[in-house]
Amino acid sequence: MSQPKEETQPKEETLTAEGFRRIREVFESALDRPREQRRAYVEKECRGDTALLAEVERMLAAESESDKLLDRVEPPAPAPVPAPIPVSPRSSEADRFRTGEVFARRFRIVSVVGRGGMGEVYRADDLVLGQTVALKFLPESAKGSLNRLARFYDEVRLARQIAHPNICRVYDVGEADGQTYLSMEYIDGEDLGSLLRRIGRLPVDKALEFARKLCAGLASAHSKGVLHRDLKPGNIMIDSRGEVRITDFGLAAVAGRLEGSEVLNGTPAYMAPEQLAGREVTTQSDLYALGLVLYEMFSGKAPFQAATLAEFLRLRQENRITNLSTLVPDMNPAVERAILRCLDPEPKNRPSSAIALAASFPGGDPLAEALAAGETPSPEMVAAAGSSEGISVKAAVACLAVILVGLVSAVVLGAKNNVLEKTPFEKPPAALEEKARDLIRGFGYTESPADRAYGFSFDTDYQQYAELKEKLADYRDQLAKGQPPLIRFWYRQSRQPLIASDVNADGVVSLTEPPPIESESINLHLDPQGRLIRFDAVPPQVEGKPDSSRPPDWTSLFNAAGLDVSRFTPAEPQWVPPGGFDTRVAWTGAYPDAPGLPLRIEAAAWRGKPVAFRLIGAWSRPERMLAGQPITAGARLAISLVILVLALAAFLAWRNFRAGRGDIRGASRLAAFAFGVEMLEWLCTAHHVSTVGELVLFLLGIMWAVFIAGLLGALYVALEPYVRRHWPQSIVSWSRLLGGGVRDPLVGGHLLIGIANGVAMASLSLAEHLLLAHYGSLPIFSDTLNSVLDARRMIGVLLSLTIRWSEFALGFFLLLFLLRVLLRRQWLAAAALTLLYAAPELATAHPLIGLSFYAILAGQAIFLLTRFGILSFAVTPVVVDILIFFPLTTDFSTWYAGSTIFALAVVLALTAYAFRTAIAGRPVFTAGFLERE
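Residues numbered from 1 in each chain as written. Predicted model: local features only at pLDDT ≥ 70, side-chain atom pairs only at ≥ 80, totals over all residues. Heavy atoms only, no water.

> Would you take a moment to explain the confidence of the model for the chain for this structure?
When pLDDT is low, close inspection of the predicted coordinates is not appropriate. On average, residues of the chain score 81 in pLDDT, and 84% of them reach the 70 mark or higher. The least confident element of the chain is helix 1 (residues 10-31), whose mean pLDDT is 52; the most confident is strand 15 (residues 532-537), at 95. In this model, residues 1-17 is a region of pLDDT below 50 whose contacts with residues beyond four sequence positions or in other chains number 54 contacts. Taken together, the stretch residues 65-93 has pLDDT below 50 and engages in 36 contacts with residues farther than four places along the chain or on a different chain. (pLDDT = per-residue confidence, 0-100. Helix = DSSP H or I, 4+ residues; strand = E, 2+ residues; numbered from the N terminus. Contact = heavy atoms within 4.5 Å.)

> I keep staring at the sheet that holds strand 18 (residues 594-606) and nothing clicks. Help me out?
Hydrogen bonds between backbone atoms are what pair the strands of a sheet, whose relative direction is either parallel or antiparallel. On the basis of which strands lie adjacent, the open sheet formed by eight strands has the order 12-13-14-15-19-18-17-16 and antiparallel pairing. Either end of the sheet is taken by a strand with one partner, and the two such strands are strand 12 (451-458) and strand 16 (569-571). This sheet shows a mean twist of 25 degrees between the axes of neighbouring strands, independent of strand direction. Sheet topology note: the strand 15/strand 19 (residues 609-616) ladder contains three bridges and is antiparallel. (Pairing = 2+ DSSP bridges. Axes fitted to C-alpha atoms, helices over the stretch in contact; angles between N-to-C directions.)

> Explain the pairing of strand 14 (residues 522-526) here, please?
Within a regular strand, side chains alternate between the sheet's two faces. Counting buried residues in strand 14 gives five out of five residues, a clear majority hidden from the surface. Covered by surrounding structure in strand 14 are Ile522, Leu524 and Leu526 together with Asn523 and His525, the residues of both alternating faces. In this sheet, strand 14 lies alongside strand 13 (residues 487-494) in antiparallel orientation, the contact comprising five bridges. Each bridged residue has a counterpart across the sheet, and for Arg492 the counterpart in strand 14 is Asn523. In the sheet, strand 14 pairs with strand 15 via five bridges, with the strands oriented antiparallel. Across the sheet, the residue bridging to Ile522 is Ala537, located in strand 15. In this antiparallel pair of consecutive strands, strand 14 and strand 15, the connection spans five residues, and Gly530 shows a positive phi of 90 degrees. (Buried < 20%, exposed > 50% of the residue type's maximum accessible area, 1.4 Å probe, protein only.)

> Just checking my understanding: could you explain the environment of Ala830 for this structure?
Take Ala830: it is sitting in helix 28 (residues 826-838). Separated by 28 residues in sequence, Ala830 and Ala858 have C-alpha atoms that sit 8.5 Å apart.

> So what exactly am I meant to see when it comes to the pairing of strand 3 (residues 119-126) here?
Judged by how many residues are buried, strand 3 sits mostly within the fold: eight of eight residues are covered. Pairing analysis gives seven bridges linking strand 3 to strand 4 (residues 131-137), with the strands arranged antiparallel. Note that in strand 4 the partner of Asp125 across the bridge is Thr132. Linking two consecutive strands that pair antiparallel, namely strand 3 and strand 4, is a turn of four residues; a positive phi of about 70 degrees is found at Gly130 within it.

> Would you take a moment to explain the sheet that holds strand 9 (residues 236-239) for this structure?
Spatial strand order, 7-9-10: three strands in an open sheet with antiparallel pairing. Lying at the two open borders of the sheet, with one neighbouring strand each, are strand 7 (189-191) and strand 10 (244-246). On average, adjacent strands in this sheet sit at an angle of 30 degrees to one another, irrespective of strand direction. Note: strand 9 against strand 10, three bridges, orientation antiparallel. For Ile236, the partnering residue across the bridge sits in strand 10 and is Ile246. Along the sheet, helix 6 (residues 204-223) makes contact with strand 9 and strand 10, crossing strand 10 at roughly 30 degrees.

Put into structure tokens, the structure is as follows:
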């Protein structure tokens, strides 16, 4: 059979089909034999059936004459008008054409395929192109009907929009000899209705295969806004290769454009309840018809069987459907549930789309089917896609081995890179704080402060000076002796609570925030050995009776700095203290442990009490006089990229939100996670006070957390719909995690891969730092010092890294997508992003090392993103920074070894969770390494 048979009487249709099938079988078999053997073969096959013999002989005669006609056709010139040729009489009085008749000077009629109220379909040979086609004509009764003619043209117009292997292709519409026709693909096979009448029902596996293909074909039509409206077994063909094809778009319409009586067009037995009631026709109506078809495929029976139309309508209204499992013993419960959902009387309770229906079937690849159909898979479909077991046990064990070996490597390399081990750093923060308080009391400031704070900082001015001006050996020797100190401990106290200003939303108190302007506020700097580097105090704003004037005790400050005042020469003061003073002095000399480095000391006093004392080297810069630093080319590029990504994200997020395309549920969960993490970070890092100012800090913390949560949610809404459309595989595990799948094996597997990659990249990064240190460049990370202060600050740094790299991952992915759209090639986009990522290294002291490292880093990031997805990609830099920003040491007797233990504990705990989740209870050795007997 070639095309669906239109509505006609079942008995006549069966007889006609059987007769034509027998004629065609004998005729086509005869054509495969030499001309001289054809008559003997036909007589043998007809076995005395004179009617059959006569019809086949007529067709053979017409074939012979047609071959002569075809020899005279010379493409691409128009085919000549054929001379009269002998043709057979009509096999039926209802036939419009006779077998062998040439129509439109191009198509030789072979046989009638189907006839009904919507038209007549003939099989024909295209004499110009040498192909078999199907020709569809309006029925004789429809001639002169403008409405039917318009619908005929609409069928072509709508069907030509759909290109899918499970849809019958429609070629064109034309008119010849006063008859309008459309040409379409001829399908040599049998319609599903005929097949089911012949064999009863399909095997479950074959029915499931057909179901997926029907979903894919119907989804392709729906993606173009086309409703089939007449889906039934008679309009579904199974071709000679066993492929399923949806045919006959004669009643197809554009969704949302049907009104009035048009809603009722179709085959009543396959209409949805809302269509039978004349209310509406939607994609859910097609899904209802598809559910009826699937029910028949799996069971061989219609779900509603009635002797009369009234009984049929009553059964439909009552929705009394026999469960498929009672009719089919090996019925899969998931398939049964999916089909029964299609047959729900309420459209809203049916599957949201044909692809969603396919996704609910066991097995298969719904993402591939959705993309092939041109449809964007839903977030639920993306989360349901992919492996249910995650990565293999062998892969999980391999990742675990990489992590364990990588952690050992990272600790060894980290200890060699550890700045804290390159300089004397024997006193913990608590000891340095006590030393600072003792010095302040010794300088005459004996009143108890209302608040205090402390921390560490790097003297980057000295580092830059040493790298440019000093020999590498001298620089390393000075670092080992601690003079001049690279690391400073700062301590400040105040008579007022230290509350960060409104612009500092994280509530962190630093050396300059809030500004030290209150009366008797004191700032003090010590080196890691507890020697004084700088002292600043603000005199009282209002003074009562002036104290008796006494000379300041400068010797005590020199002793606190570990200097011998007798080795310094008085000099003219140059540096003016920030606060009030009545005495200024200055000296010049050198560091005791670095005699080659000149040292200047500036000091000031008020009423005999020191208010300023500062050690000044050749590298020291007057911070209150510095102009704004010029922006480098690399910084300009980075700022431009950030602005571009944020502007693009804002535009796309608003556009997707307005169009209803974004995964709002996932974005809300991501934003809630970001808000919670930000508030925990605020709790760990903010400087809290026991005054009403804490409420202000709390509100500022909430405002900042809301901003970060909104930014992360907007980035996700901007990016996710396009990723779901073009690269849905990259967010499968991410979608599952956002959906609450914390115990999902695929989530665990992708986390494990990200951790393994992060540990490997951390080792590579530490090796790069070691190489840079070999040339005298010492990488400095401010978070390194924050993480050794106390456990609270350790947790704060960890939480900060989590949010920072979540934002980076989404921004990086968005930029990659933008480049992919602009450059049209994924490899070009990856190359461009790698160059952008590594370009800032051109401005460094050792660009070749930096470019090589960042090119590798960007390349592996893109590979990880496209191969395993955004979850693996996002966790990688978090692990890298944990192993870099937390100082690593192999000497666990040092006071800062706790940071090493904390970093390793976090990575190992995350690894344990990911590994346990990834293997999901599968035995490690028997499943991964030992052969089964």
